[in-house]
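Spelled out from the first residue to the last, the chains are:
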Amino acid sequence: MNTQHPVLDISHLGISYDGKPAVENISLQTFPGRTMALIGESGSGKSTIAKAIIQLLPPSARLTHGTITLNGISLTDATPRGLNTIRGRQIGFIPQDPSSSLDPRLPVGRQIEEVLRLHTSQSRAERRGHVLHLLEHVGFSEPERRFSQFPHELSGGMKQRVLIAIAVALAPALLIADEPTSALDVTIQSQILDLLDRLREESGSSVLMITHDLAVARDRAHDMIVLQHGRIAEQNTTRSLFESPRSSYTRKLLADSPAFHSRPATPARFVSGMRPAIQVKDLTVAYGSQTAVSHLSFDVQPGTTHGIIGESGSGKTTLLRCLMGLISPQSGSVHVNGKDIFSETSAERRQRLRNMQLVYQNPWSSLDPRLTIRRIIEEPLRNYFPEGQAWRQTRLHELLERVHLPLHLLERYPSEISGGQCQRVALARALAAQPDILVLDEFVSALDVTVQARILELLSELQKELDLTFVFVSHDLAVVRQIADTLSIIRYGKQEEYGDAEQIFRKPASPYTQTLLQTIPGQKQNGNQPQKFLGS
Amino acid sequence: MKRFAPLGPESVLSIGVLAVFGLAILFPSALTHSDPTTGVAKDHLLAPDWAHWFGTDQLGRDVLTRIIYGARETLPAALLATLTGVVLGAFIGGLAALSAPVVDGALSGVIDVLLSIPELLLALTVVILTGFGPLHAALAVGISQTASFARIIRNLVRSLRAMPYIEAARLSGTGFGGMIWWHILPNAFRPVLGLTVLRYSMAILSLATLGFLGYGAPPPTPEWGLMIAEGRDYLATAWWMTTFPGLALLTVAFATNRLSHAMTRPREDQP
């Protein structure tokens, strides 16, 4: 398919951890100027492959068979010293988490300079000039000032730019990007990916992009490899993979990715004249002199889902905590089922907290690691209902059935079950209190896409059967689109938009929403669609 | 259930060593037939041989016998000292962590002041104020350890309180007492237990120091610190009188210390 020599050539690679195979029989080739995406869910072995290429596998890993060559040089046979001259010089690596990948005690300019110091014989002044040029190249407007800034003075997106500058400093033949934008907001994400595309085109490097996000891969990659359980499920060009996926696993991934299909239009569930389950009026919350949420208002009708979308720092967590009555606002009000939650008696508060359950983002940290699943789900049953052990046992089984968890998990500890199962336990605990309202904070953000799809299905099922009202907070528009009836879009604590979800997705009124919708990955038509930039 | 990781060789060895000393506390006469306090005058200052493995002291008492009986003096006293420290420390630290910021600030201030005094100096001050003797020495060591227990437990409880699962429990209707009993205590237990075992080895050394300085049990009690102090006069001619009690002390302290490290080592299966 390509007459050029491959940059990276992996053949029949097999790696095992403590004797257990992690990846098996992986063969792939990347070519200059092309992006290859390695797609897989957690545990699929995609990071193991990346670490094998740079030969930085943990000690427990063993290469069982296969070879990795870069421009004809075998990396598997290279000496440690030989590898040091290859890493940074011929392979650039862009790590996943920008916040923990820079040394907090060195100015960012020095950290870029380090690559030049190690691999070139440039003088100090030449290096400085080179770094300033690189900073400008990756999109910084004031390179002089950025040079001497420390990582904590930069935002996540800026730090990722610095890391990209380090990776491309010597125009390496191969760029490995390990989930380069997973930790970033969607608007920043598209800017970083644009930058990567531009750099690849200019330098002719070959890019190996490791990602769990099919939508990002579709927008940016020429070729794709889908990994499942450490094996290649499908290898194809991006276009044919999306148009005619060959493996059943790819088809499942595509079907479960929220980015590629919006929910079939549901009948309007607004019942006018009904009392809203939650009514937020002109809510303002400030920490000291900093306003986190200002003048927010929305209504949530019973039995519907209100989505709250915001990027990091938008104030969505503050809003949510205020909604639960955990912090008090400066002004404005929150009414739940017609009652003001900031002027309630302690008995009313207890009753409301039973009726309104908060479900958390992180599957593990919201479950007590020292308690069994049984004890965790039983806690609200003991607290809110005076009935005895026999009744609790019946309820417990009902709840597990509701969230589709097998009974044998009851005696396990949270560390012994998967992330998706943890979220089901968290749901069961919330439902145990028999609430009308569930407030879900980034509920599916930490989950793989296939697990995410099952949890979202479960949520719709529960809503229908138990007539629940949801407030669903997320940064992920594609997910919210699947589930929300009404929508608030917030930015810097201000409501950018509020109204019917489909309406907003079809005809966004505010320029910010338009930018947000445009930057959702997965909508470029094979990378040829001209991009418009609106707003910031 | 995987709550406790399988024991490594280091832990097994430590537990074995401690078991031998435990036996010495419970049944000293099973390990030796001599008397720890009355000696045979003609056998004084004998070097180690088959009859007296660790030699004899200036009054003809068998050093090994005295070490065996000495376990009964030092080790339970160190346990009392550490328990005093952990109970007082847990109370003060827990109170600070769970109270209003004003109370927390005041208690933390007191803890800071106490931490700034070297523990041995603090223990000496207490034992001089309250009077000499093994019980007073143990309590003094316990009090000197209270501040560091309190500081660590306060921080531990505060970080636990900030965990989402604690808030989740509160939101599912668990009260203040339930939060402490069901969530904070079980989660704090393991780290505090590890810390207690570590401080136990330090308490042994502190008590021996107090004994050495003469603030603990009076002669002829076979207390290890006191034995070292007595042997000091014969250091040039009878090295065994100081060396063996010292080794006994080191062995227990080291075994406890390693056990504590094994207990607090982070486990891999917990994210």
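Not measured: the values here are computed from a predicted model. (Residues numbered from 1 in each chain as written. Chains lettered and ligands numbered in written order. Predicted model: local features only at pLDDT ≥ 70, side-chain atom pairs only at ≥ 80, totals over all residues. Heavy atoms only, no water.)

Quick look at the overall build of chain A
Stated precisely, the cut-off is as follows: Here a helix means four or more residues in a row that DSSP labels H or I, a strand means two or more in a row labelled E, and each is numbered from the N terminus. Three labels apply to residues, based on accessible area from a 1.4 Å probe with only protein chains included: buried if under 20% of the type maximum, exposed if over 50%, partly exposed otherwise in between. Whether two residues are in contact is decided by their heavy atoms: any pair within 4.5 Å suffices. Exposure was quantified through the Shrake-Rupley algorithm and a 1.4 Å probe, taking into account, for residues, occlusion by the shown protein chains and nothing else.
Within chain A one finds 19 helices and 20 strands. Considered along the principal axes of its C-alpha atoms, chain A spans approximately 75 × 50 × 45 Å. The 536 residues of chain A split such that 54% are buried. Of the contacts formed within chain A by residues at least 6 apart in sequence, a portion of 68% connects residues at least 24 apart. Accessible surface, chain A as shown: approximately 23200 Å² in total, 49% of it carbon and sulfur.

Digging into the overall build of chain B
Rules: Residues scored as positive are Lys and Arg, those scored as negative are Asp and Glu, and His as well as the terminal groups of each chain are ignored. Every charge is mapped onto a representative atom, which is NZ of Lys, CZ of Arg, CG of Asp or CD of Glu.
Counting its regular elements, chain B contains 10 helices and 0 strands. Taken over the C-alpha atoms alone, chain B extends approximately 75 × 45 × 25 Å along its principal axes. Within chain B, buried positions represent 45% of all 271 residues. Pairs at least 24 apart in sequence give 71% of the contacts found in chain B among residues at least 6 apart. In the form shown here, chain B has an accessible surface area of approximately 13400 Å², with 73% of it arising from carbon and sulfur atoms. Taken together, the 17 basic and 16 acidic charged side chains of chain B have centroids lying 12 Å from each other.

Notes on the UniProt feature "transmembrane region" (unreviewed entry) in chain B
Residue and element names in this part refer to chain B. What counts here: UniProt positions are given in the numbering used here, feature names are shortened, and annotations may be inferred rather than shown by experiment.
The UniProt record marks residues 12-31, 77-98, 197-217 and 237-257 with the feature "transmembrane region" (unreviewed entry), using the residue numbering of this structure. Along residues 12-31 one finds 95% helix and 0% strand; the C-alpha atoms at either end are 22 Å apart. The annotated region residues 237-257 carries 86% helix and 0% strand content, and the separation between its end C-alpha atoms amounts to 33 Å.

Observations regarding the interface of chain B and chain A
What counts, and what does not: Two parts lose some accessible area (1.4 Å probe) when they are put together, and adding that loss for both gives the buried area. Only one rule defines a salt bridge in this text: a Lys or Arg side-chain nitrogen within 4 Å of an Asp or Glu carboxyl oxygen. Polar contacts, as counted here, are pairs of nitrogen or oxygen atoms within 3.5 Å of one another; within protein the pair requires one atom able to donate a hydrogen and one able to accept it, and residues that are adjacent in sequence qualify only if both atoms are side-chain atoms.
In this complex, chain B contributes 21 residues to the contact, which on the side of chain A involves 25 residues. Summing both partners gives a buried area of about 2100 Å² for chain B against chain A, and 51% of it is carried by carbon and sulfur. Summed over the shared surface of chain B and chain A, the result is 1 salt bridge. Of the charged contacts, one joins A:Arg321 and B:Glu167 as a salt bridge, the two residues approaching to 2.7 Å between their closest N and O atoms. The interface formed by chain B and chain A includes 13 residue pairs in polar contact (both at pLDDT 80 or more).

Considering the sheet that holds strand E9 (residues 223-228) of chain A
All names here are of chain A. Just so we agree on the cut-off: Strands were regarded as paired on the criterion that DSSP finds at least two bridges between them. Axis geometry follows a simple rule: fit a line to the C-alpha atoms, using only the stretch in contact for helices, then measure angles between N-to-C directions, giving values from 0 to 180 degrees.
If you trace the 6 strands from one edge of the open sheet to the other, you get E6-E7-E8-E3-E9-E10, paired in mixed fashion. Strands with a single pairing partner mark the edges of an open sheet, and in this sheet they are strand E6 (91-94) and strand E10 (231-237). Averaged over all pairs of adjacent strands, the angle between strand axes in this sheet comes to 15 degrees, irrespective of strand direction. Examined bridge by bridge, E9 and E10 share 6 bridges and lie antiparallel to one another.

Some words on unusual backbone geometry
Look at the link from B:Pro219 to B:Pro220: it is a cis peptide, with omega at 5 degrees. Along the chain, the position of B:Pro220 falls in the loop between helix H8 (176-212) and helix H9 (224-231). Of note, the phi angle at A:Gln55 is positive, near 55 degrees, even though the residue is not glycine. Here A:Gln55 is to be found in the loop between helix H1 (46-53) and strand E4 (61-70). Looking at A:Gln55, the relative accessible area reads 24%, which means it is partly exposed. Even without being a glycine, A:His404 presents a positive backbone phi close to 55 degrees. Among the structural elements, A:His404 can be located in the loop between helix H14 (389-402) and helix H15 (419-432).

Concerning the side chain of A:Arg161
All names here are of chain A. Within the secondary structure, Arg161 sits in helix H6 (residues 156-168). Of the side chains with opposite charge, Asp194 comes closest to the buried, unpaired Arg161, at an N-O distance of 8.1 Å. Leave out the neighbours within four places in its chain, and Arg161 touches Val138, Gly139, Phe140, Gln191, Ile192 and Leu195.

Notes on helix H3 (residues 108-119) of chain A
Every α-helix carries 3.6 residues per turn, so stepping three or four residues along brings you back to the same face. Among the residues making up H3(A), those that are buried are A:Val108, A:Gly109, A:Gln111, A:Ile112, A:Glu113, A:Val115, A:Leu116 and A:His119. Buried residues in H3(A) make contact with helix H2 (80-86), helix H4 (124-137), helix H5 (143-147) and H6 of chain A.

Structural notes on the pairing of strand E16 (residues 356-359) of chain A
All names here are of chain A. Residue alternation in E16 divides its side chains into two sets, Met356 and Leu358 and Gln357 and Val359, and both sets are buried. The pairing of E16 with strand E17 (residues 437-441) spans 4 bridges and is parallel. By the bridge assignment for E17, Leu358 is matched with Val439.

Overview of the environment of A:Arg275
All names here are of chain A. Structurally, Arg275 can be placed in the loop between helix H10 (248-256) and strand E11 (278-287). Look at Arg275 and you get exposed, because its relative accessible area is 54%. It is 66 Å that separates the C-alpha atoms of Arg275 and His65, two residues lying 210 residues apart in sequence. Aside from chain neighbours lying at most four places away, what touches Arg275 is Gln301, Pro302, Asn337 and Gly338.

Quick look at the sheet that holds E11(A)
Backbone-to-backbone hydrogen bonds join strands into a sheet, with any given pair of strands oriented parallel or antiparallel. All names here are of chain A. Taken in spatial order, the 4 strands line up as E12-E11-E14-E15 in an open sheet, and their pairing is antiparallel. In the strand order of this sheet, the two ends are held by strand E12 (290-300) and strand E15 (339-340), each with one partner. Across 7 bridges, E11 lies against E12 in antiparallel orientation. Paired with Val280 across the strands is Phe298, a residue of E12. Contacts between helix H11 (residues 316-323) and the sheet are confined to E11, E12 and strand E14 (331-336), with E11 contributing the most and set at about 120 degrees to the helix.

Observations concerning a nonpolar patch on the surface
The cut-off we apply is this: By definition, no residue in a patch forms a salt bridge, and every one has over 30% relative accessible area; like charges are joined within 9 Å, nonpolar side chains (Val, Leu, Ile, Met, Phe, Trp, Tyr) within 5 Å.
Among the surface-exposed residues, B:Leu23, B:Leu26, B:Phe27 and B:Leu31 lie close enough to one another that they form a single nonpolar patch of about 390 Å² accessible area. Relative to the helices and strands, B:Leu26 is located in helix H1 (residues 9-26).

A closer look at the UniProt feature "domain: ABC transmembrane type-1" (unreviewed entry) in chain B
Within this numbering scheme, the UniProt entry marks residues 71-260 of chain B as carrying the feature "domain: ABC transmembrane type-1" (unreviewed entry). Along residues 71-260 of chain B the backbone is 83% helical and 0% strand, and the end-to-end C-alpha distance reaches 20 Å.

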